[in-house]
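Examining the three-dimensional arrangement
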Amino acid sequence: MAIQDVTAPEEASAFVDRLQATGIYTFSHADARAALRTSEIAVDNALRRLRKRGRIVVPRRGFYAIVPTEYITAGSPPPSWFIDDLMGFLGQPYYVGLLSAAATHGASHQQPMTFQVVTDRPTREGVAGRARITFHMSGSAAETPAGEVQTETGTMRVSTPESTAFDLVRFPAACGGWSNVATVLLELAERLEPGALCSVAQLRKTPEIQRLGYLLDRTGQPRLADSLLRVLGSKRYRSVALAPDASRAGVDAVSPWRVIPNLEVEIDL
């Protein structure tokens with residue numbers, strides 16, 4: 001056992017090098033244990049040394065991402081390199097959403113400070129080097145329209161432009177507030193299709209449809225706003241505040257959305 005413990009660091013380093021050489025940038029603790037064929041303590045010690053050298057990073061206990069030379073200073077490759085494998089490791093449906101998805105679709109006026117992911121249960125933040133991964137919960141994460149986007153190491157699921165638009169109004173605080181939501185929506189508008197927007201609307205709560213329709217109208221997108229107004233035409237809906245947590249005293253609802261604009265929205269473009 002002592003001989004195995006001595007050679008484990010070199011074997012672990014070779015194991016990581018082999019993975020990277022074949023284009024694989026993630027592995028689990030179980031993968032390392034199976035490849036190294038030594039004691040669990042020896043594997044843990046070897047992986048700890050690789051982590052101290054900056055060769056690997058641990059976004060979640062038991063899951064490792066390999067750090068190529070060009071990302072040693074950052075302490076981690078971009079989350080897009082390993083998010084699909086990480087969510088598979090966690091066994092959770094997911095999609096890259098909110099501002100991270102908007103940036104993928106070309107709406108990159110304000111780059112997100114974190115890599116934003118939507119999944120179906122509460123999930124604590126992940127940290128990998130300088131990168132932070134924040135998770136937002138949606139019970140319909142598995143059903144939300146999303147597509148496969150090519151990354152440097154494979155693919156990742158990213159919400160469609162239309163799903164992204166709805167998530168912007170669902171999670172405004174995580175998207176920099178309502179003014180930033182409106183700004184990003186204006187950038188995203190050219191990627192939105194009325195038919196697809198109506199399809200996603202069928203999966204969303206009525207207040208979300210009202211708020212998104214109001215903001216699209218407010219940002220001068222009548223073609224898109226009118227499509228949501230047709231969806232609302234088949235529903236009974238009441239007045240809702242644009243910002244639920246802000247005072248609505250003395251502010252009247254705007255027709256036909258019945259949205260109370262209780263917060264000033266300024267578009268920064």
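Summarised in this report is the structure supplied together with it. A quick note: this is a predicted structure, and the numbers were derived from the prediction, not measured.

Of all seven residues in strand β7 (residues 131-137), five are buried; the element is thus mostly enclosed. In terms of strand pairing, strand β5 (residues 115-119) meets β7 through five bridges, oriented parallel. Each residue of the ladder has a partner; that of Thr-119, found in β7, is Met-137. Where strand β6 (residues 126-128) lies against β7, three bridges are found, and the strand directions are antiparallel. Bridge pairing links Val-127 to Arg-132 in β7. Between the end of β6 and the start of β7, which pair antiparallel, lie two residues, with Gly-129 showing a positive phi angle near 60 degrees.

Within the element layout of this structure, Pro-68 appears in the loop between β3 (63-66) and α4 (83-90). Taking the C-alpha atoms as reference points, Pro-68 and Gln-20, 48 residues apart in sequence, are found 8.1 Å from one another. Contacts of Pro-68, omitting those with residues within four sequence positions, involve Gln-20, Tyr-25, Arg-55, Pro-77 and Trp-81.

Here we come to the sheet that holds strand β1 (residues 26-28). Read across the sheet, three strands follow the order β1-β3-β2 without closing on themselves; strand pairing throughout is antiparallel. Strand pairing shows two members of the sheet lacking a second neighbour, β1 and β2 (56-60), which therefore form its edges. Each strand of the sheet is rotated relative to its neighbour by a mean of 30 degrees, with strand direction disregarded. Pairing between β2 and β3: three bridges, direction antiparallel. Among the inter-strand pairings, Val-57 is bridged to a residue of β3, identified as Ala-65.

Applying the stated rule across the entire model yields five aromatic pairs. Measuring from centroid to centroid gives 5.4 Å for Tyr-71 and Trp-81, while their planes differ by 80 degrees, and the two rings are edge-to-face. In this pair, Tyr-71 is assigned in the loop between β3 and α4 and Trp-81 in the loop between β3 and α4, connecting sequence segments ten residues apart. Judged by its relative accessible area of 23%, Tyr-71 is partly exposed. Grouping aromatic residues by their ring pairs yields a cluster made of Phe-15, Phe-27 and Tyr-64. For Arg-258, the ring lying beneath its charged end belongs to Tyr-237, and the centroid distance is 4.7 Å.

Rules behind the numbers
- Residues numbered from 1 in each chain as written.
- Predicted model: local features only at pLDDT ≥ 70, side-chain atom pairs only at ≥ 80, totals over all residues.
- Heavy atoms only, no water.
- Buried < 20%, exposed > 50% of the residue type's maximum accessible area, 1.4 Å probe, protein only.
- Helix = DSSP H or I, 4+ residues; strand = E, 2+ residues; numbered from the N terminus.
- Pairing = 2+ DSSP bridges.
- Contact = heavy atoms within 4.5 Å.
- Axes fitted to C-alpha atoms, helices over the stretch in contact; angles between N-to-C directions.
- Phe/Tyr/Trp six-rings, centres within 6.5 Å; stacked < 30°, edge-to-face > 60°.
- Lys NZ or Arg CZ within 6 Å of the ring centre and 35° of its normal.

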